[in-house]
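So the chains spell out like this:
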Amino acid sequence: MSSVLYDAQGPRAKRRNILYTVGFLLVMAAVLWWVISGLNDKEQLTWEKWKPFLGGTEAWSTYIWPGLKNTLEAAALSMIIALPLGAVLGIARLSEHAWVRVPVAIVVEFFRAIPVLVLMIFGLALFAEYTTVGSDERPLYAVVTGLVLYNASVLAEIVRAGIQSLPKGQGEAALAIGLRKNQVMRFILLPQAVTAMLPAIISQLVVIVKDTALGGAVLTFPDLLAAVSPMSSYYGANTIASFTIVALIFIAINFSLTSFASWLEKRLRRGKKSTGAVLPAAAVAGAESTGASA
């Protein structure tokens, strides 16, 4: 039996694929055993290394919770600023006026092409040189600045692509019945494009959460990742355990974001389905007789 994309496998191909699968699993098991053995030889899997996280609250209250709070604060501020800014830039790129569309396109492409870490370092130097922001707050300001400039540009492209993916006939029909251009965008195009753009937007929000770690690694921003070094030093070089706990926290945050996005997308799609009530036949007949007598 054949498929449109490929021919059905014969007996020899099936046996060969089974051998490949078994070989791959054996290689993965060997690599996993090698990693676990190496960690065990270096005493990274002993209870003493994991006890601060699994057997008490001191590490959580002293290092993890403060770092997590700073991470969430930087990510939340960046999201709150970048989302509306990206939407405005994306809509402006669709403007019929060249004096609006061209400068916005240059700004978007410029900041989208620069690595976010470079923007953070630039922001730190900018706040240190030309503002009165204190040295304790500068890393937060720099991280948020870099994340906003980069992610707003990316979100602008997502918004532009989402709106352009809609059939042109919808906007033309709205203009034909007398709606203004801003009304067409607000009431016709954007509500439909949001559902299509939602997975990409949430993916970019996940990127924002992860990129806050750049501030902790380079700009001395006291985020969740920056808590690993002092925490590992204090608890006897439990670097593997510290990084594992931090990684699991990031996974939990990002999985929550993607799960919420999936739920919201399904809800929006259900909300767009027709919910009109079905009229009984008697009501329809009564309406027709009333119209005829009139």
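Structure first, text after, so check above.
Residues numbered from 1 in each chain as written. Predicted model: local features only at pLDDT ≥ 70, side-chain atom pairs only at ≥ 80, totals over all residues. Heavy atoms only, no water.

Caption draft 1: The pattern of salt bridges, seen in detail. Across all of its chains, the model carries four salt bridges by this definition. One salt bridge connects Arg-112 with Glu-109, and the closest N-O pair in it is separated by 3.0 Å. Linking Arg-112 with Glu-109, this pair stays in helix α4 (residues 98-113), spanning three residues, or about one helical turn. Arg-160 is the salt-bridge partner of Glu-157, the closest N and O atoms lying 2.7 Å from each other. Taken together, the residues span about one helical turn, with Glu-157 and Arg-160 both in helix α6 (residues 138-164) at a distance of three residues. Several salt bridges share partner residues, and in doing so they unite Arg-93, Glu-109, Arg-112, Glu-157 and Arg-160 into one network. (Salt bridge = Lys/Arg side-chain N within 4 Å of Asp/Glu carboxyl O. Helix = DSSP H or I, 4+ residues; strand = E, 2+ residues; numbered from the N terminus.)

Caption draft 2: Structural detail: unusual backbone geometry. Non-glycine residue Thr-220 carries a positive phi angle of around 60 degrees. Residue placement: Thr-220 occurs in the loop between α8 (181-218) and α9 (228-234). Residue class for Thr-220 comes out exposed when judged on its relative accessible area of 64%. (Buried < 20%, exposed > 50% of the residue type's maximum accessible area, 1.4 Å probe, protein only.)

Caption draft 3: Summary view of the environment of Val-228. The residue Val-228 is located in helix α9 in this model. Among the residues examined, Val-228 registers a relative accessible area of 4% and is labelled buried. As a C-alpha pair, Val-228 and Phe-243 span 15 residues in sequence and 6.5 Å in three-dimensional space. Ignoring any residue separated from it by four or fewer positions in sequence, one finds Val-228 in contact with Ser-242, Phe-243 and Val-246. (Contact = heavy atoms within 4.5 Å.)

Caption draft 4: Inspection of the environment of Ala-227 at higher detail. Within the element layout of this structure, Ala-227 appears in the loop between α8 and α9. For the pair Ala-227 and Tyr-63, spaced 164 residues apart in sequence, the C-alpha to C-alpha distance is 5.6 Å.

Caption draft 5: Broad picture of a nonpolar patch on the surface. Taken together, the side chains of Val-27, Val-31, Trp-33, Trp-34 and Val-35 present a nonpolar region at the surface, about 570 Å² in accessible area. The residue Val-35 is located in helix α1 (residues 11-41) in this model. (Patch = residues over 30% accessible without salt bridge, like charges linked within 9 Å, V, L, I, M, F, W, Y side chains within 5 Å. Areas by Shrake-Rupley, 256 points an atom, 1.4 Å probe, with all protein chains shown as cover.)

Caption draft 6: Examining the packing of α4 against α6 more closely. Where α4 contacts α6, the two axes come as close as 8 Å, and the packing angle between them is 125 degrees. With respect to α6, the element α4 is oriented oblique. At the point where α4 passes α6, the crossing takes the left-handed sense. When α4 is examined against α6, the residues Val-107, Val-108, Glu-109, Phe-111 and Arg-112 are found in contact with a partner set consisting of Leu-149, Tyr-150, Ser-153, Val-154, Ala-156 and Glu-157. (Axes fitted to C-alpha atoms, helices over the stretch in contact; angles between N-to-C directions. Parallel < 35°, antiparallel > 145°, perpendicular 65-115°, else oblique. Left-handed = near helix turned anticlockwise from the far one by under 90°.)

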